[in-house]
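What follows is each chain in one-letter form.
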Amino acid sequence: METTLIILKPDAVQRGLMGRIIGRFEDKGLQVVGMKFMKIPQDLGQRHYEVHKGKPFYEGLLRYMTSSPVLVLALRGVSAVSITRKMMGATFGSNADPGTIRGDFGVSNSFNLVHGSDSPENAAKEVALWFGDGELVDWSRNTEGWIYDLTGEKPE
Ligand code: IDP
Ligand code: MG
């Protein structure tokens, strides 16, 4: 099982799309194990987007992400990172495929609704950056045995 970090960005919150986007992840079978509604403090935004420091879009990205509240989620599942990245679609709304979150809900190349960790390594780092010890909830779903085939050695 992987746990990945998803952020519903300020445009998703302002446009009232939180429920529909969370619904897509729930429908797919991903499990919510952490959730936080917050206005991102400047220093946390900087740490999260450290890899983009110096790029032409960096300052605007920080302004956008800290301008208005976001919903931060920790989602768990088998291959949660690659599954959520596929569901998000390409970075730019203008060329994200229909059927993806970015492809269905937006057109902008910078206001693209959702962040998702891009590798299991980064997911572990980002989950630890955004959620403190004890803030993730380990809980078992009564539906788990219908979401995954649990009859073998590992969930299939
Ligand atoms: P990702 O969110 O699909 O992983 P990254 O390349 O990691 O894409 O970029 C992080 C975020 O920075 C994007 O989601 C988007 O909001 C913003 N961004 C990336 N490239 C551009 C750009 O060329 N112009 C404006 N904003 C950009
Ligand atoms: Mg990225």
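Everything here concerns the structure above.
Right, let's walk through the structure included here. Note that the structure is a prediction, hence the values are computed from the model and not measured. Per chain, residue numbering runs from 1 following the sequence as it is written. Ligands are numbered from 1 and chains lettered from A, in the order in which they are written. Local features in this predicted model are restricted to residues of pLDDT 70 or higher, and side-chain atom pairs are both shown and tallied only at a pLDDT of 80 or more, whereas totals for entire chains, interfaces and linings draw on every residue. Calculation of side-chain values draws on the structure's entire complement of heavy atoms; hydrogens and water are dropped beforehand.

Brief notes about the nonpolar core
Phase 1 of the analysis: By size, the foremost hydrophobic cluster in this structure holds 19 residues, and its most contacted members are Ile-6, Leu-8, Ile-21, Phe-25, Leu-73, Leu-75 and Val-114.
Phase 2 of the analysis: Listing elements by their share of this core, those giving two or more residues are β1 (2-8), α2 (18-28), β3 (70-77), α5 (80-88) and α6 (101-105).
Phase 3 of the analysis: Two residues qualify as a contact provided that any one of their heavy atoms is within 4.5 Å of a heavy atom in the partner residue. Excluding residues that lie within four positions of it along the chain, Val-114 makes contacts with Ile-6, Ile-7, Leu-8, Lys-9, Met-88, Ile-101 and Arg-102.
Phase 4 of the analysis: Residues grouped as a nonpolar core are buried Ala, Val, Leu, Ile, Met, Phe, Trp, Tyr and Cys residues, joined through side-chain atoms within 4.5 Å. Only protein chains enter the area calculation, which uses a 1.4 Å probe; residues under 20% of their type maximum are buried, those over 50% are exposed, and those in between are partly exposed. Counting 18 residues, the second-largest nonpolar core is a separate cluster that includes Leu-61, Met-65, Val-70 and Trp-130. Here a strand is any run of E in DSSP of at least two residues, a helix any run of H or I of at least four, and the numbering for each starts at the N terminus.

Thoughts on the site of ligand 1
Phase 1 of the analysis: Throughout, near means a residue has at least one heavy atom within 4 Å of the molecule or strand. Residues in contact with ligand 1, as listed here, are Lys-9, His-52, Phe-57, Leu-61, Arg-85, Thr-91, Phe-92, Arg-102, Asn-109, Ser-110 and Asn-112.
Phase 2 of the analysis: One of the side-chain nitrogen or oxygen atoms of His-52 is found 2.9 Å away from an oxygen atom of ligand 1.
Phase 3 of the analysis: In this structure, an oxygen atom belonging to ligand 1 sits 3.0 Å away from a main-chain N or O atom of Ser-110.
Phase 4 of the analysis: Only the protein chains shown count as covering a residue, and every accessible area follows the Shrake-Rupley method with a 1.4 Å probe. Compared with its free state, where it exposes 520 Å², ligand 1 has 77% of that area covered by protein.
Phase 5 of the analysis: Lining residues are those with an atom within 4 Å of a point, where the points come from a 1 Å grid over the protein atoms alone and group into cavities, where a 1.4 Å probe fits but cannot get out, or pockets, open sets with protein on both sides within 12 Å along at least five of seven lines. Being in a pocket or cavity means that more than half of the molecule's atoms lie within 2 Å of its grid points. In a pocket analysis with a 2 Å cut-off to the grid points, ligand 1 is assigned to the largest pocket.
Phase 6 of the analysis: Among the residues forming the shell around ligand 1, the class breakdown is 3 nonpolar, 5 polar and 3 charged. Nitrogen and oxygen atoms within 3.5 Å of one another constitute a polar contact, given that in protein one can donate a hydrogen and the other can accept it, and given that sequence-neighbouring residues count only through two side-chain atoms. In this classification, Asp, Glu, Lys and Arg are treated as charged, Ala, Val, Leu, Ile, Met, Phe, Trp, Tyr, Cys and Pro as nonpolar, and every other residue, Gly included, as polar.

Some details on the sheet that holds strand β4 (residues 114-116)
Paired through backbone hydrogen bonds, the strands of a sheet run either parallel or antiparallel to each other.
Phase 1 of the analysis: Read from one edge to the other, the open sheet built from 4 strands follows the order β2-β3-β1-β4, with strand pairing classed as antiparallel. Of all strands in the sheet, those bounded by a partner on one side alone are β2 (31-38) and β4. Each strand axis lies, on average, 20° off the axis of its neighbour in the sheet, ignoring direction.
Phase 2 of the analysis: Where β1 and β3 come together, 7 bridges link them in antiparallel fashion. If you follow Ile-6 over to β3, its bridge partner there is Leu-73.
Phase 3 of the analysis: Of the strands in this sheet, β1, β3 and β4 are in contact with α5, which crosses β1 at around 30°. Two strands qualify as a pair provided DSSP detects at least 2 bridges between them. Fitted lines through C-alpha atoms serve as axes, helices being fitted only where they are in contact, and the angles separating the N-to-C directions of these axes extend from 0 to 180 degrees.

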